[in-house]
Amino acid sequence: MSILLGYIHFTPQSRDVLMIFMFLFAILSQIILLEFIMLLPRFIILLFLLIPATFLSAMPVQNYLPKQATFNDKIPLPSDSLGFEIGQRHVRHDQLKQYFSQLSDSSTRLKMTAIGKTAQLRDQFLITISSPENIENLDTILASKRSEKANTKTTDEPLVVWLGYSVHGDEISGANAAMVVAYYLAASEEQYISTMLANTIIVLEPSVNPDGMDRFVNWVSTYRGSASNSDAEHIEHHQGWVSGRTNHFWFDLNRDWLLLTQQESRHRLKYFHQYQPHVLGDYHEMGANSSYFFQPGIISRTHPLTPKQNVSLTQALAKFHASALDKAQRLYYSQESFDDFYYGKGSTYPDINASVGILFEQASSRGMQQDTINGLLTFEFGIQNHVLTSLSTIEGAWQNRQALQKYQQSFYQQAIKQAKKEKFKGYLISETKDSYRLNTLLEKLTQHQIQVYPLSRDFSHQGKSYNAQTSYYIPLAQKQYRLVQALFNQQTDFPDNTFYDVSGWTMPLAMNIEFHQLDSTWGLEIAKTPWSTKEINHVSKLSVKNSDYAYAFEWHHALAPKLLNQLLAKKINAKVATSSFTSEVNGKKRSFASGTIIIPAGVQTAENWRVNTAQLAHQVNIELVTINSGLTRQGIDFGSNSFRLLKQPKVLLLGGKGISQYEAGEIRYYLDETLHIPVSVVEHSRLSSIDLSNYSHLILVDGNYQGLSAKNTSAVKAWLKQGGIVFAQKRGAKWLAKQDILAANFASKKEINLLFDTDKLSYGDKEKLSARKRIAGAIFETKLDTSHPLAFGYTQENLPIFRNSTLIMDAGQQPFITVAKYHEDPLLSGYTDSNLVRRLAHNAAIVAHNYGKGRVIATADVLAFRGYWLGSAKLLANSLFFAKAFNAQSKR
């Protein structure tokens, strides 16, 4: 009995199993030894029939794999490294890495490549699997794929299949499946595998989001009990705020392939373009009451830049997934729910890069096991399904390898031909004031393998001259023609108006970079080689003297708030000019716009402040100038009260359950990571215990604030009246309005519904109507009041802003409180129903006014959306430093 009990202990036990075992053992103990021996085979069969599926969750790795397979016993099993079987526990990232390291050391079919580190210093790595010969010559093979002869490639090149797992860290069945897949490909002795690997390169990214993965594993491991518990309400299945879905900065990495704000994405993209996969599998999880999904999704919601053959190939591969799941008698579906439109996802970015991206979604146990409408769902079950479709992806790609290889070759050849058919030649981009935003855009384009050329001489277009030092040309006629169009396109009309994600993401609009289509390149002279990061100019460090009267830097630079905060942190006093002025710099007159920061010698007490000021400006790459007189040539003098002394902000961001972790993460990333301004995050449940007087600013992002008590509201109002500053967006702003703190009203749901005529609609039109009432994510043009202190640093009144909700803010006829309002025809990019566009026209986009001695600043838009909206994010920084520079009373 001890042997059998030992065997049971080797796998997760349940009370029911133990009772069954003890009952059967009690009966058998009464039988004589001979009868026991005769009945033993039946006993074992009976025992395994009675054991629930959860008891088998610790099955050996071979049980996940084809029955006919034989394995090299010199290749380590996952359990040899982990100390437990796949599916028995949730694997941490260090354990995942440890097994792959051992596997790579033991097999000549594998190569482990470190590609970077996460924000929390976890290693990102890829596993390349192929024949020993291909692994040995991998660098040569990849170099050949990247060569100039790429447009004339033949089908002799290896097939490349890339499988990425668990980009959402709490969708962890993928990372566990990766170990099974890798073991199979490394250890299998099947001739089919050897033949396939001789002509195929398989790339695994076992954990796309290591930081989120470990956040989730720590959660479920903390709350997992010793006894099996499938109760869906158990805390194991309900993560805290923030969830493991996001990375360190609370960003969804599955939206960042195109935007590249996160280091994990930038590290990966370099290798994606090196390998140029023909197929990419993207493995996810979804709600527990679902089954299994694989693409194609809803075909009518495929981006028009994606070739139709891409959908055909996806459908061809889908037959292999269906066959694998049919044999295992699994439930699944396809061509529903998910689309292929936004190119920033792991399953769609490949579609615009000559590959076939495929999304896989497994119903999630979000822990070890969970009761669902389809019965008991176990962690092991999800792993097994992802193993099945990982292998079916490889099999399907192998069987369709010639079609996939021809498709990739044709993709780029057709791109050049299509580009030549366009009515314009390319895009001209220019930004004269802010090198940071311009260089950020150039870097992103270059990382996407888009060729951008500096102008070699000034160029005139539509009566305007463009400086060669700050202007660049992006020709359409290049391999990445489709991707250029995807990033610059401003489409607003679509055959299918339902979107799973955003419908507009035009990158130069997000960066607030001027761009134009060039119908003709006559007179345009460009450099012979594309731009590279080596060409980024760096300002010279200012040489300071004790006799210098003051220093100044202009506010139009994106990192000016970073420099200002660093100066204030070092107790170096600074002032902001609330009006323009002209001073003498190096013997010449120079005009400075309102928002310019001055550091006068007469108000300094810190040691070495001159040297530190020059050093900090040099590090941030912002020009610092010396001004040797407080008497200006024109405008306000340095002793005027029109120069306002600035204070370092201390920011409190309200978070917690019900608050958008994405919007909180975006603001935290912009302030903390980009500008190095500390942000204190406090859960709203703790607000009553917080002394608000310790903070200068309170930030409320989108979320449910109904749980805030009357005491909380009174405390916020009292703090504001004493001089506090609150910035709020979306439902955070709506809550302020409901508490009579914000002097604005919000359109009700009933009012939104009345915009749409439903008299002639049938039941079948229900989904279409719902899509029309939704703004999934689009870009709108606003008119900015550039005279307002919150608009310091902006030189143009037209400012693109992103919105992803139908929250409409109406400030009424109140003078001086509207910082920005929508244009009369505001839609710039993406889909929004014409009824909603008209309702938004002329409405307030950003409102700011006094509240006692304090200030209230609010918007229904998202100023720092997904970390790449550097154009409007500056308004958030201005709210931190210049809120007390304006004075506008509301009628309330």
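Residues numbered from 1 in each chain as written. Predicted model: local features only at pLDDT ≥ 70, side-chain atom pairs only at ≥ 80, totals over all residues. Heavy atoms only, no water.

Q: What is the right way to read the overall build of the protein chain from this model?
A: Counting its secondary structure elements, the protein chain contains 26 helices and 34 strands. The globule rule puts the C-alpha radius of gyration for 892 residues at 29 Å, and the 30 Å found for the protein chain is close to it. With the principal axes as the frame, the protein chain shows a C-alpha extent of 110 × 70 × 70 Å. Contacts in the protein chain between residues at least 24 apart in sequence constitute 80% of all its contacts with a sequence separation of at least 6. As displayed, the protein chain offers around 37500 Å² of accessible surface, 49% of which is attributable to carbon and sulfur atoms. The average position of the 89 basic charges and that of the 77 acidic charges among the side chains of the protein chain differ by 6 Å. (Helix = DSSP H or I, 4+ residues; strand = E, 2+ residues; numbered from the N terminus. Rg over C-alpha atoms; globule rule 2.2 N^0.38 Å. Contact = heavy atoms within 4.5 Å. Areas by Shrake-Rupley, 256 points an atom, 1.4 Å probe, with all protein chains shown as cover. Lys, Arg positive; Asp, Glu negative; His and termini not counted. Charge placed at Lys NZ, Arg CZ, Asp CG, Glu CD.)

Q: How should I be thinking about the packing of helix α5 (residues 93–106) against helix α8 (residues 173–187) in this particular structure?
A: Packed helices, taken two at a time, are described by the angle their axes make and the gap between the axes. Remark: α5 packs on α8, axes separated minimally by 11 Å, with the N-to-C direction vectors making an angle of 5 degrees. With respect to α8, the axis of α5 lies roughly parallel. In this structure, α5 contributes Leu 96, Tyr 99, Phe 100 and Leu 103 to the contact, and α8 contributes Ala 175, Ala 178, Met 179, Ala 182, Tyr 183 and Ala 186. Here the contact of α5 with α8 is composed, by residue class, of 10 nonpolar, no polar and no charged. (Axes fitted to C-alpha atoms, helices over the stretch in contact; angles between N-to-C directions. Parallel < 35°, antiparallel > 145°, perpendicular 65-115°, else oblique. Nonpolar A, V, L, I, M, F, W, Y, C, P; charged D, E, K, R; others polar.)

Q: I keep staring at the packing of aromatic side chains and nothing clicks. Help me out?
A: Each aromatic ring pair is summarised here by two numbers: the centre-to-centre distance and the angle between the ring planes. Evaluated as defined, the whole model comprises 47 aromatic pairs. Judged by centre distance (6.5 Å) and plane angle (55 degrees), the ring pair of Phe 881 and Phe 882 falls under tilted. The same class applies to Phe 881 and to Phe 882, which are both buried. Three or more aromatic residues link up through ring pairs in this structure, and these residues are Phe 341, Tyr 342, Tyr 343, Phe 494, Phe 499, Trp 505 and Tyr 831. The lysine or arginine in question, Arg 401, covers the ring of Trp 398, its NZ or CZ lying 3.7 Å from the ring centre. Taking the ring centre of Tyr 412 as reference, the NZ or CZ of Lys 479 above it sits at 4.4 Å. (Phe/Tyr/Trp six-rings, centres within 6.5 Å; stacked < 30°, edge-to-face > 60°. Buried < 20%, exposed > 50% of the residue type's maximum accessible area, 1.4 Å probe, protein only. Lys NZ or Arg CZ within 6 Å of the ring centre and 35° of its normal.)

Q: Please clarify how the nonpolar core should be interpreted in this entry.
A: General note: in soluble globular proteins, nonpolar side chains tend to be found buried as a group. Phe 553, Leu 671 and Leu 742 are the most contacted members of the largest nonpolar core, which totals 112 residues. Beyond its immediate stretch of four places on either side in the chain, Phe 553 contacts Ala 560, Leu 563, Leu 564, Leu 567, Thr 596, Ile 597, Ile 599, Ile 622, Glu 623 and Leu 624. The next biggest cluster of nonpolar side chains, apart from the first, holds 71 residues, and it includes Tyr 64, Ala 178, Val 356 and Leu 404. (Core = buried A, V, L, I, M, F, W, Y, C linked by side-chain atoms within 4.5 Å.)

Q: Sorry if this is basic, but what is going on with the side chain of Ser 166 here?
A: Note on placement: Ser 166 falls in the loop between β3 (159–165) and α8. Taking relative accessible area as the criterion, Ser 166 reaches 1% and is therefore assigned buried. Of note is the side chain of Ser 166, whose polar atom sits 2.8 Å from the backbone oxygen of Glu 171. Non-local contacts of Ser 166, meaning those with residues more than four positions away in its chain, are made with Glu 171, Ile 172, Gly 174, Ala 175, Val 208, Asn 209 and Tyr 283. (Polar contact = N/O pair within 3.5 Å; in protein donor to acceptor, adjacent residues only side chain to side chain.)

Q: Just checking my understanding: could you explain the environment of Asn 712 for this structure?
A: Tracing the backbone shows Asn 712 in helix α21 (residues 710–721). Asn 712 sits 38 residues away from Thr 674 along the chain, and the two C-alpha atoms are 31 Å apart.

Q: I'm lost on helix α10 (residues 210–223) in this one. Help?
A: Residues three or four positions apart in an α-helix share a direction because the helix packs 3.6 residues into each turn. Taking 1.5 Å as the rise per residue, α10 with 14 residues should run 20 Å; its terminal C-alpha atoms sit 20 Å apart, in good agreement. Contacts made by the buried residues of α10 are with α5, β2 (123–129), α8 and α11 (263–275). (Expected span 1.5 Å × (residues − 1).)

Q: Looking at this structure, I do not really get the sheet that holds strand β21 (residues 625–627). What am I missing?
A: The strands that make up a sheet are held in pairs by hydrogen bonds between backbone atoms, and each pair lies either parallel or antiparallel. The 5 strands are arranged β21-β16-β20-β17-β23 in an open sheet whose pairing can be described as antiparallel. The open sheet is flanked by β21 and β23 (643–645), the only strands paired with a single partner. Ignoring strand direction, the axes of neighbouring strands in this sheet form an average angle of 35 degrees. Examined bridge by bridge, strand β17 (residues 575–577) and β23 share 3 bridges and lie antiparallel to one another. Bridging across to β23, Val 576 finds its partner in Arg 644. Strands in contact with helix α18 (residues 560–569) are β16 (550–553) and β20 (597–600); relative to β16, the strand with the most contacts, it is inclined by about 150 degrees. (Pairing = 2+ DSSP bridges.)

Q: Which parts of the structure should I look at to understand the sheet that holds strand β14 (residues 471–475)?
A: Spatially, β11-β14-β10-β15 is the arrangement adopted by the 4 strands of the open sheet, whose pairing is antiparallel. The open sheet has two free edges, formed respectively by β11 (453–454) and β15 (514–518), since each of these has just one partner strand. For strand β10 (residues 426–430) and β15, the ladder comprises 5 bridges, and the chain directions are antiparallel. Paired with Gly 426 across the bridge in β15 is Leu 518. Against the sheet, helix α16 (residues 481–488) touches β10, β14 and β15, its axis set at about 50 degrees to β10.

Q: Where do I start with helix α7 (residues 138–145) in this structure?
A: For α7, the set of buried residues is Leu 138, Ile 141, Leu 142 and Lys 145. One face of α7 carries all of its buried residues, which in axial projection span an arc of 95 degrees. In α7, those exposed residues whose orientation departs by more than 90 degrees from the buried face are Asp 139 and Thr 140. (Arc of directions from axis to C-beta.)

Q: Got a minute to help me understand the pairing of strand β7 (residues 356–363) in this structure?
A: A regular strand places its side chains so that they alternate between the two faces of the sheet. When you tally the buried positions in β7, you get 8 out of 8 residues, the bulk of the element. Two strands pair when backbone bridges link them, and strand β5 (residues 279–286) and β7 are joined in this way by 8 bridges, in the parallel orientation. Bridge pairing links Leu 280 to Gly 357 in β7. Direction of pairing for strand β6 (residues 292–294) relative to β7: antiparallel, over a ladder of 3 bridges. Its bridge partner lying in β7, Phe 294 is registered against Phe 360.

Q: Would you mind going over the environment of Gly 83 with me for this structure?
A: Within the secondary structure, Gly 83 sits in the loop between α4 (78–82) and α5. Between the C-alpha atom of Gly 83 and that of Ser 879, which follows or precedes it by 796 residues, the distance is 53 Å.

Q: It is not clear to me how the environment of Glu 264 should be interpreted in this structure. Could you clarify?
A: Here Glu 264 is to be found in helix α11. The class of Glu 264 is buried, set by a relative accessible area of 1%. On a C-alpha basis, the gap between Glu 264 and Leu 863 in space is 23 Å, while along the polypeptide they are 599 residues apart.

Q: What's the story with the pattern of salt bridges in this structure? I'm lost.
A: When the charged atoms of two side chains lie near each other, side chains of opposite charge can form a pair. Inspection of the entire model under this criterion finds 32 salt bridges. The closest approach of N and O atoms between Asp 496 and Arg 301, which form a salt bridge, is 3.3 Å. Highlighted residues: Asp 496 in the loop between α16 and α17 (507–511) and Arg 301 in the loop between β6 and α12 (308–327), separated in sequence by 195 residues. For Asp 496, a relative accessible area of 17% corresponds to the buried category. In this structure, Lys 464 and Glu 514 form a salt bridge, with 2.9 Å as the shortest nitrogen-oxygen distance. Placement of the pair is Lys 464 in strand β13 (residues 464–466) and Glu 514 in strand β15, with a sequence separation of 50 residues. A single salt-bridge network, built from bridges that share partners, covers Glu 171, Arg 245, Asp 252, Arg 255, Asp 501 and Arg 866. (Salt bridge = Lys/Arg side-chain N within 4 Å of Asp/Glu carboxyl O.)

Q: It is not clear to me how the confidence of the model for the protein chain should be interpreted in this structure. Could you clarify?
A: Detailed reading of predicted coordinates is not advised where the pLDDT is low. Summing up the model confidence of the protein chain, the mean pLDDT is 92 and the portion of residues at 70 or higher is 93%. Across residues 1–57, where pLDDT falls below 50, the model places 45 contacts with residues more than four positions away in sequence or in other chains. (pLDDT = per-residue confidence, 0-100.)

Q: Is there a simple way to explain unusual backbone geometry in this structure?
A: For residues that are not glycine, phi is negative in most cases, and the peptide bond is trans in most cases. For the peptide bond that leads from Trp 241 to Val 242, omega is 20 degrees, which places it in the cis range. Locating Val 242 in the fold gives a position in the loop between α10 and α11. Phi at Arg 366 takes a positive value of approximately 45 degrees, unusual for a residue other than glycine.

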